[in-house]
Amino acid sequence: MTLPADMNAIVIARPGGPEELELQRYPLPACRDGEMLIRIAAAGVNGPDLAQRRGHYDPPPDASPLPGLEVAGEIAALGQGVAGWQQGDRVMALTNGGGYAEYVAVPAGQVLLVPDNWTLREAAALPETWFTVTQTLVMRAGLEPGMTVLVHGAAGGIGGAAIQIATILGASAIAVVSSPAKADYARRLGAIATIDYTREDIVARALALTGGTGVDRVLDIIGGLMAERNIAASARGGHIVQVSTLDGASASISLRAIMAKQLTLSGSTLRPQTPATKAAIADRIHADLLPALSRPGFVKSAVTSFPLEAAAQAHRAMEARSHVGKIVLETAFGAER
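Going along each chain's sequence as written, the residues are numbered from 1 onward. In keeping with the predicted nature of the model, local features appear solely for residues at pLDDT of at least 70, side-chain atom pairs appear and are counted solely at 80 or more, and the whole-chain, interface and lining totals rest on all residues. Values reported for side chains reflect all heavy atoms of the structure, with hydrogen atoms and water molecules removed beforehand.

A. Summary view of helix α9 (residues 275–289). For α9, built from 15 residues, the straight-helix expectation of 21 Å at 1.5 Å per residue is met to within 8% by its first-to-last C-alpha distance of 20 Å. Residue burial is assigned from relative accessible area. The probe radius is 1.4 Å, only protein chains are included, and a residue is buried under 20% of its type maximum, exposed over 50%, and partly exposed in between. In this description a helix means any DSSP run of H or I spanning at least four residues, a strand means any run of E spanning at least two, and both kinds are numbered starting from the N terminus. For α9, the complete set of buried residues consists of Lys278, Ile281, Ala282, Ile285 and Leu289. Each buried residue of α9 sits inside an arc of 100 degrees when the element is viewed along its axis, so together they form one side. Across α9 from its buried face, at more than 90 degrees, point the exposed residues Ala276, Asp283 and Ala287. Looking at the packing, one finds that the buried side of α9 touches β5 (90–94), β7 (111–113), α3 (127–140) and α4 (157–168). Expected span, for any helix, means 1.5 Å times one less than how many residues it has. Directions pointing from the helix axis toward each C-beta atom define the arc. Contacts between residues were defined by any pair of non-hydrogen atoms, one from each residue, lying within 4.5 Å.

As C-alpha coordinates, this is what we get:
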(Lines give C-alpha, C1' and ligand atoms only; values in the text may rest on other atoms or scores of the structure.)
Protein backbone atom coordinates (compact mmCIF):
# COMPACT_ATOMS: atom_id res chain seq x y z
CA MET A 1 0.00 0.00 0.00
CA THR A 2 1.07 3.60 -0.57
CA LEU A 3 1.85 5.35 2.70
CA PRO A 4 1.39 9.08 3.30
CA ALA A 5 4.28 11.32 4.31
CA ASP A 6 2.43 12.66 7.32
CA MET A 7 -0.65 11.99 9.43
CA ASN A 8 -3.04 13.46 11.97
CA ALA A 9 -1.74 13.16 15.51
CA ILE A 10 -2.43 14.57 18.96
CA VAL A 11 0.51 16.59 20.27
CA ILE A 12 1.05 17.82 23.84
CA ALA A 13 1.68 21.52 23.19
CA ARG A 14 3.03 22.08 26.71
CA PRO A 15 2.54 20.41 30.10
CA GLY A 16 -0.86 21.23 31.54
CA GLY A 17 -4.55 20.52 31.27
CA PRO A 18 -6.54 18.72 28.58
CA GLU A 19 -6.63 21.91 26.50
CA GLU A 20 -2.93 21.39 25.76
CA LEU A 21 -3.77 18.41 23.52
CA GLU A 22 -3.67 19.67 19.94
CA LEU A 23 -4.45 17.97 16.62
CA GLN A 24 -1.55 18.56 14.22
CA ARG A 25 -0.06 17.12 11.06
CA TYR A 26 2.91 15.00 12.09
CA PRO A 27 5.53 12.98 10.17
CA LEU A 28 4.75 9.33 9.61
CA PRO A 29 6.86 7.22 12.01
CA ALA A 30 9.70 5.18 10.51
CA CYS A 31 9.28 1.40 10.64
CA ARG A 32 12.61 0.13 11.95
CA ASP A 33 14.02 -3.39 11.96
CA GLY A 34 11.89 -5.69 14.10
CA GLU A 35 8.92 -3.33 14.04
CA MET A 36 5.62 -3.11 12.22
CA LEU A 37 3.72 -0.02 11.15
CA ILE A 38 0.10 -0.12 12.24
CA ARG A 39 -2.67 1.93 10.68
CA ILE A 40 -4.61 2.87 13.79
CA ALA A 41 -8.35 2.41 14.05
CA ALA A 42 -8.55 3.25 17.77
CA ALA A 43 -6.23 4.06 20.66
CA GLY A 44 -6.91 3.52 24.35
CA VAL A 45 -6.78 6.35 26.88
CA ASN A 46 -4.95 5.48 30.10
CA GLY A 47 -3.73 7.05 33.31
CA PRO A 48 -0.11 7.34 32.10
CA ASP A 49 -1.34 9.46 29.16
CA LEU A 50 -2.82 11.95 31.62
CA ALA A 51 0.40 11.96 33.64
CA GLN A 52 2.46 12.58 30.49
CA ARG A 53 0.19 15.46 29.50
CA ARG A 54 0.71 17.03 32.92
CA GLY A 55 4.49 16.71 32.54
CA HIS A 56 4.91 13.95 35.14
CA TYR A 57 5.66 10.90 32.95
CA ASP A 58 8.27 11.55 30.32
CA PRO A 59 8.63 8.94 27.55
CA PRO A 60 11.87 6.96 27.32
CA PRO A 61 14.55 8.59 25.12
CA ASP A 62 13.95 6.29 22.13
CA ALA A 63 10.13 6.40 22.29
CA SER A 64 7.65 8.58 20.46
CA PRO A 65 6.90 11.85 22.29
CA LEU A 66 3.23 11.49 21.34
CA PRO A 67 0.85 10.09 23.99
CA GLY A 68 -0.93 6.78 23.55
CA LEU A 69 0.21 3.38 24.87
CA GLU A 70 -2.24 0.98 23.21
CA VAL A 71 -3.83 0.70 19.79
CA ALA A 72 -5.73 -1.58 17.46
CA GLY A 73 -5.76 -1.46 13.69
CA GLU A 74 -4.30 -3.11 10.61
CA ILE A 75 -0.69 -3.79 9.67
CA ALA A 76 0.41 -1.25 7.06
CA ALA A 77 4.09 -2.26 6.70
CA LEU A 78 6.62 -4.71 8.13
CA GLY A 79 10.19 -3.91 9.10
CA GLN A 80 13.18 -6.10 8.35
CA GLY A 81 13.24 -9.33 10.32
CA VAL A 82 9.52 -9.45 11.10
CA ALA A 83 8.04 -12.82 10.19
CA GLY A 84 4.69 -14.50 10.67
CA TRP A 85 2.64 -11.40 9.91
CA GLN A 86 1.28 -9.81 6.75
CA GLN A 87 -0.15 -6.49 5.66
CA GLY A 88 -3.81 -6.17 6.51
CA ASP A 89 -3.72 -8.37 9.63
CA ARG A 90 -6.03 -7.05 12.35
CA VAL A 91 -3.85 -6.44 15.40
CA MET A 92 -3.79 -4.86 18.83
CA ALA A 93 -0.56 -3.66 20.38
CA LEU A 94 1.16 -2.21 23.40
CA THR A 95 3.04 0.79 22.04
CA ASN A 96 6.00 2.71 23.43
CA GLY A 97 4.09 5.93 22.78
CA GLY A 98 2.57 7.45 19.68
CA GLY A 99 -0.89 5.87 19.86
CA TYR A 100 -2.83 9.13 19.56
CA ALA A 101 -2.31 9.23 15.81
CA GLU A 102 -3.24 7.58 12.52
CA TYR A 103 -0.12 5.38 12.33
CA VAL A 104 2.35 4.02 14.88
CA ALA A 105 5.51 1.87 14.70
CA VAL A 106 5.57 -0.93 17.30
CA PRO A 107 8.09 -3.69 18.11
CA ALA A 108 6.62 -6.89 16.71
CA GLY A 109 6.95 -8.66 20.06
CA GLN A 110 4.32 -6.32 21.54
CA VAL A 111 1.62 -7.15 18.98
CA LEU A 112 -1.28 -9.61 19.27
CA LEU A 113 -3.93 -10.70 16.80
CA VAL A 114 -7.42 -9.32 17.38
CA PRO A 115 -9.92 -12.13 18.10
CA ASP A 116 -12.37 -12.65 15.24
CA ASN A 117 -15.42 -11.62 17.24
CA TRP A 118 -13.88 -8.36 18.49
CA THR A 119 -14.11 -4.96 16.82
CA LEU A 120 -10.96 -2.88 16.53
CA ARG A 121 -12.49 -0.33 18.90
CA GLU A 122 -13.02 -3.05 21.52
CA ALA A 123 -9.52 -4.43 20.99
CA ALA A 124 -7.90 -1.01 21.45
CA ALA A 125 -9.10 -1.01 25.06
CA LEU A 126 -7.20 -4.17 25.98
CA PRO A 127 -3.37 -4.12 25.63
CA GLU A 128 -2.13 -1.58 28.19
CA THR A 129 -4.27 -2.86 31.03
CA TRP A 130 -3.86 -6.56 30.23
CA PHE A 131 -0.09 -6.22 29.86
CA THR A 132 0.04 -4.35 33.19
CA VAL A 133 -2.06 -6.88 35.11
CA THR A 134 -0.35 -9.88 33.51
CA GLN A 135 3.10 -8.56 34.38
CA THR A 136 2.30 -7.56 37.96
CA LEU A 137 -0.46 -9.80 39.27
CA VAL A 138 0.24 -12.95 37.25
CA MET A 139 3.95 -13.08 36.44
CA ARG A 140 5.34 -11.22 39.43
CA ALA A 141 2.80 -11.92 42.18
CA GLY A 142 2.21 -15.50 41.03
CA LEU A 143 -1.57 -15.51 40.83
CA GLU A 144 -2.82 -19.10 40.97
CA PRO A 145 -6.18 -20.89 40.71
CA GLY A 146 -8.15 -20.79 43.93
CA MET A 147 -6.65 -17.53 45.19
CA THR A 148 -8.73 -14.51 46.19
CA VAL A 149 -7.84 -11.10 44.77
CA LEU A 150 -8.97 -7.74 46.14
CA VAL A 151 -9.29 -5.42 43.13
CA HIS A 152 -9.44 -1.65 43.64
CA GLY A 153 -10.92 0.58 40.96
CA ALA A 154 -12.74 -2.49 39.73
CA ALA A 155 -14.99 -0.68 37.25
CA GLY A 156 -12.08 1.00 35.48
CA GLY A 157 -9.60 -0.26 32.93
CA ILE A 158 -6.97 -1.81 35.20
CA GLY A 159 -9.52 -3.13 37.67
CA GLY A 160 -11.74 -4.61 34.99
CA ALA A 161 -8.76 -6.35 33.39
CA ALA A 162 -7.76 -7.75 36.79
CA ILE A 163 -11.24 -9.21 37.33
CA GLN A 164 -11.29 -10.81 33.88
CA ILE A 165 -7.75 -12.20 34.09
CA ALA A 166 -8.25 -13.56 37.60
CA THR A 167 -11.47 -15.25 36.49
CA ILE A 168 -9.86 -16.79 33.41
CA LEU A 169 -7.05 -18.20 35.55
CA GLY A 170 -9.39 -19.70 38.13
CA ALA A 171 -8.95 -17.12 40.89
CA SER A 172 -11.77 -15.22 42.64
CA ALA A 173 -11.95 -11.42 42.37
CA ILE A 174 -13.49 -9.23 45.05
CA ALA A 175 -14.25 -5.86 43.47
CA VAL A 176 -13.93 -2.54 45.32
CA VAL A 177 -16.29 0.03 43.76
CA SER A 178 -18.05 3.31 44.52
CA SER A 179 -21.63 2.77 43.35
CA PRO A 180 -24.25 0.09 42.73
CA ALA A 181 -23.92 0.59 38.96
CA LYS A 182 -20.18 -0.05 39.14
CA ALA A 183 -20.79 -3.08 41.35
CA ASP A 184 -23.17 -4.50 38.74
CA TYR A 185 -20.55 -3.96 36.03
CA ALA A 186 -17.82 -5.65 38.09
CA ARG A 187 -20.04 -8.67 38.68
CA ARG A 188 -20.77 -8.91 34.96
CA LEU A 189 -17.02 -9.08 34.34
CA GLY A 190 -16.74 -11.99 36.78
CA ALA A 191 -16.29 -10.60 40.31
CA ILE A 192 -17.64 -13.02 42.94
CA ALA A 193 -18.42 -10.19 45.36
CA THR A 194 -18.24 -6.40 45.61
CA ILE A 195 -17.37 -3.90 48.31
CA ASP A 196 -18.79 -0.37 48.06
CA TYR A 197 -16.13 1.69 49.81
CA THR A 198 -18.49 4.67 50.16
CA ARG A 199 -20.62 2.77 52.68
CA GLU A 200 -18.73 -0.39 53.68
CA ASP A 201 -15.55 -1.07 55.64
CA ILE A 202 -13.18 -2.58 53.08
CA VAL A 203 -11.12 -4.52 55.61
CA ALA A 204 -14.06 -5.93 57.58
CA ARG A 205 -15.89 -6.93 54.40
CA ALA A 206 -12.80 -8.55 52.81
CA LEU A 207 -12.17 -10.56 55.97
CA ALA A 208 -15.81 -11.63 56.15
CA LEU A 209 -15.78 -12.76 52.52
CA THR A 210 -12.66 -14.90 53.13
CA GLY A 211 -13.72 -16.51 56.40
CA GLY A 212 -11.42 -14.26 58.39
CA THR A 213 -8.20 -15.30 56.64
CA GLY A 214 -7.86 -12.28 54.32
CA VAL A 215 -7.19 -12.05 50.59
CA ASP A 216 -4.24 -13.71 48.90
CA ARG A 217 -3.51 -10.90 46.45
CA VAL A 218 -4.35 -7.18 46.21
CA LEU A 219 -4.22 -5.06 43.07
CA ASP A 220 -4.19 -1.40 44.12
CA ILE A 221 -4.36 1.74 41.97
CA ILE A 222 -5.29 4.07 44.87
CA GLY A 223 -2.29 4.36 47.19
CA GLY A 224 -2.25 6.79 50.09
CA LEU A 225 -4.39 5.68 53.01
CA MET A 226 -5.44 2.54 51.14
CA ALA A 227 -2.01 0.97 51.73
CA GLU A 228 -2.73 0.39 55.42
CA ARG A 229 -6.12 -1.16 54.62
CA ASN A 230 -4.56 -3.47 52.05
CA ILE A 231 -2.17 -4.81 54.67
CA ALA A 232 -5.00 -5.36 57.14
CA ALA A 233 -7.12 -7.14 54.52
CA SER A 234 -4.31 -9.45 53.36
CA ALA A 235 -3.86 -13.08 54.31
CA ARG A 236 -0.61 -14.44 55.72
CA GLY A 237 1.86 -14.75 52.84
CA GLY A 238 -0.17 -12.34 50.71
CA HIS A 239 1.15 -10.09 47.96
CA ILE A 240 0.06 -6.49 47.39
CA VAL A 241 0.66 -5.12 43.89
CA GLN A 242 0.83 -1.32 43.50
CA VAL A 243 0.31 -0.15 39.92
CA SER A 244 -0.85 3.44 40.44
CA THR A 245 -1.30 6.04 43.19
CA LEU A 246 -4.43 8.01 42.30
CA ASP A 247 -5.04 9.19 45.86
CA GLY A 248 -1.48 9.61 47.10
CA ALA A 249 2.08 8.53 46.39
CA SER A 250 3.05 8.37 50.08
CA ALA A 251 1.73 6.14 52.85
CA SER A 252 2.32 5.40 56.53
CA ILE A 253 2.32 1.65 57.07
CA SER A 254 3.23 -0.80 59.80
CA LEU A 255 6.39 -2.68 58.93
CA ARG A 256 5.67 -5.02 61.84
CA ALA A 257 2.34 -5.96 60.25
CA ILE A 258 4.13 -6.76 57.00
CA MET A 259 6.64 -8.88 58.89
CA ALA A 260 4.03 -10.64 61.00
CA LYS A 261 1.94 -11.58 57.97
CA GLN A 262 4.98 -12.31 55.79
CA LEU A 263 3.61 -9.99 53.11
CA THR A 264 5.16 -8.88 49.85
CA LEU A 265 4.57 -5.36 48.55
CA SER A 266 5.68 -4.77 44.97
CA GLY A 267 5.27 -1.94 42.50
CA SER A 268 5.88 -1.53 38.82
CA THR A 269 5.37 0.71 35.80
CA LEU A 270 5.05 -0.79 32.34
CA ARG A 271 6.44 1.77 29.91
CA PRO A 272 10.14 1.59 30.97
CA GLN A 273 10.24 -2.22 30.69
CA THR A 274 12.59 -3.67 28.08
CA PRO A 275 11.32 -4.95 24.71
CA ALA A 276 12.21 -8.47 25.84
CA THR A 277 10.08 -8.12 28.97
CA LYS A 278 7.14 -6.72 27.01
CA ALA A 279 7.45 -9.53 24.47
CA ALA A 280 7.44 -12.09 27.30
CA ILE A 281 4.25 -10.55 28.68
CA ALA A 282 2.67 -10.72 25.20
CA ASP A 283 3.64 -14.39 24.95
CA ARG A 284 1.98 -15.10 28.30
CA ILE A 285 -1.22 -13.32 27.22
CA HIS A 286 -1.21 -15.17 23.91
CA ALA A 287 -0.77 -18.57 25.56
CA ASP A 288 -2.89 -18.33 28.71
CA LEU A 289 -5.46 -15.58 28.21
CA LEU A 290 -6.18 -14.79 24.57
CA PRO A 291 -8.10 -18.02 23.83
CA ALA A 292 -10.68 -17.10 26.47
CA LEU A 293 -11.59 -13.89 24.64
CA SER A 294 -13.24 -15.86 21.84
CA ARG A 295 -15.30 -18.10 24.10
CA PRO A 296 -19.10 -17.78 23.89
CA GLY A 297 -20.35 -15.61 26.70
CA PHE A 298 -17.07 -13.81 27.39
CA VAL A 299 -18.03 -10.33 28.63
CA LYS A 300 -15.96 -7.55 27.06
CA SER A 301 -15.10 -4.34 28.84
CA ALA A 302 -17.42 -1.40 28.33
CA VAL A 303 -15.90 1.07 25.85
CA THR A 304 -16.66 4.78 25.41
CA SER A 305 -15.39 6.23 22.14
CA PHE A 306 -14.34 9.77 21.19
CA PRO A 307 -12.99 10.97 17.83
CA LEU A 308 -9.21 11.43 17.75
CA GLU A 309 -9.61 15.19 17.50
CA ALA A 310 -11.65 15.16 20.76
CA ALA A 311 -8.71 13.90 22.84
CA ALA A 312 -9.11 16.77 25.31
CA GLN A 313 -12.72 15.81 25.91
CA ALA A 314 -11.68 12.19 26.43
CA HIS A 315 -9.08 13.24 29.02
CA ARG A 316 -11.68 15.27 30.89
CA ALA A 317 -13.95 12.23 30.99
CA MET A 318 -11.04 10.12 32.29
CA GLU A 319 -10.22 12.64 35.00
CA ALA A 320 -13.84 12.76 36.18
CA ARG A 321 -13.45 9.11 37.29
CA SER A 322 -17.16 8.52 36.76
CA HIS A 323 -16.92 6.40 33.59
CA VAL A 324 -17.18 2.63 33.49
CA GLY A 325 -14.68 0.51 31.55
CA LYS A 326 -12.31 2.07 29.04
CA ILE A 327 -12.15 5.21 26.90
CA VAL A 328 -10.75 5.10 23.37
CA LEU A 329 -9.99 7.58 20.60
CA GLU A 330 -11.19 6.58 17.16
CA THR A 331 -9.55 7.70 13.92
CA ALA A 332 -11.39 8.36 10.65
CA PHE A 333 -10.06 4.98 9.44
CA GLY A 334 -11.52 3.32 12.53
CA ALA A 335 -14.89 4.99 12.08
CA GLU A 336 -15.11 3.37 8.63
CA ARG A 337 -14.53 -0.12 10.05
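B. Local environment of the sheet that holds strand β10 (residues 193–196). Note: two strands are recorded as paired if DSSP finds a minimum of 2 bridges between them. Read across the open sheet, the 6 strands follow the order β10-β9-β8-β11-β12-β13; overall the sheet is parallel. The sheet is open, and its two borders are formed by β10 and β13 (264–267), each paired with just one other strand. Taken pair by pair, the neighbouring strands of this sheet meet at an average axis angle of 20 degrees, ignoring direction. Both strand β9 (residues 172–177) and β10 contribute to a ladder of 4 bridges, which runs parallel. When the bridges of β10 are listed, Val176 appears paired with Ile195. Across the sheet, α4 lies against β8 (148–151), β9 and β11 (215–220), angled at about 170 degrees from β8, the strand it touches most. Structural elements are reduced to axes, namely lines fitted to C-alpha atoms, with helices fitted over the stretch in contact, and the angle between N-to-C directions of any two is expressed from 0 to 180 degrees.

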